[in-house]
Amino acid sequence: GGQGPAAGGESGPHRGSALLLADNAKGFVKENTISGAAGDGIRVTGGADPEIVANTVEGCGGSGLVVDEGGKGRVQNNTLARNAGAGMRVSTGGAPDARGNRLEANQGAGLLVEHKGRGRWSANTVGGNA
């Protein structure tokens, strides 16, 4: 128990993510609690374009939410808190539409956009991050 759908046999940069959405995946991730993952809580990559709404992601060994490698998605009303990395990290062509999220008490930046990351951010609360 305790391991997400991306657990079995994975290797490389996605190892340890609790929830991995990749390879142009779509879907709806709503009202879940993800805590204590070895790596990132949720990773959206490889052109995936999900809706991620009203989740709590906390206490993960990486960032709470990573959007990279062309990942997109609507990220709304989530709490990304007390993670070892950033609350939300966007890089390498990631482009989320993030609204109304709380990015608090993370050991990295609340919101980190790097390496050609882009996106839209509105009405998010960011505070108490390292």
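Below or above, wherever it landed, is the structure these notes cover. For clarity, every value in this text was computed on a predicted model and none was experimentally measured.

Right, let's talk about the side chain of S91 for a bit. Residue position: S91 is located in the loop between β10 (88-90) and β11 (97-99). Residue classification places S91 among the buried positions, given a relative accessible area of 4%. Only 3.5 Å separates the side chain of S91 from the side chain of R89, close enough to count as a polar contact. Each residue touching S91, except ones within four places of it in the same chain, is listed here: V67, D68, E69, E114, H115 and G117.

What follows deals with the sheet that holds strand β1 (residues 19-21). Read from one edge to the other, the open sheet built from five strands follows the order β1-β4-β7-β10-β13, with strand pairing classed as parallel. Only two strands of the sheet have a single partner each, and these edge strands are β1 and β13 (111-113). Sheet twist, expressed as the average angle between the axes of neighbouring strands with direction ignored, equals 10 degrees. Pairing of β1 with strand β4 (residues 42-44), which is carried by three bridges, proceeds in the parallel orientation. Counted as the bridge partner of L21 is V44 from β4.

What follows deals with a nonpolar patch on the surface. On the surface, a cluster of nonpolar side chains totalling about 220 Å² of accessible area is made up of L111, V113 and W121. On the secondary structure map, L111 appears in strand β13.

Rules used in this analysis
- Residues numbered from 1 in each chain as written.
- Predicted model: local features only at pLDDT ≥ 70, side-chain atom pairs only at ≥ 80, totals over all residues.
- Heavy atoms only, no water.
- Helix = DSSP H or I, 4+ residues; strand = E, 2+ residues; numbered from the N terminus.
- Buried < 20%, exposed > 50% of the residue type's maximum accessible area, 1.4 Å probe, protein only.
- Polar contact = N/O pair within 3.5 Å; in protein donor to acceptor, adjacent residues only side chain to side chain.
- Contact = heavy atoms within 4.5 Å.
- Pairing = 2+ DSSP bridges.
- Axes fitted to C-alpha atoms, helices over the stretch in contact; angles between N-to-C directions.
- Patch = residues over 30% accessible without salt bridge, like charges linked within 9 Å, V, L, I, M, F, W, Y side chains within 5 Å.
- Areas by Shrake-Rupley, 256 points an atom, 1.4 Å probe, with all protein chains shown as cover.
- Salt bridge = Lys/Arg side-chain N within 4 Å of Asp/Glu carboxyl O.

Function cannot be inferred from these measures alone, as they are strictly geometric.
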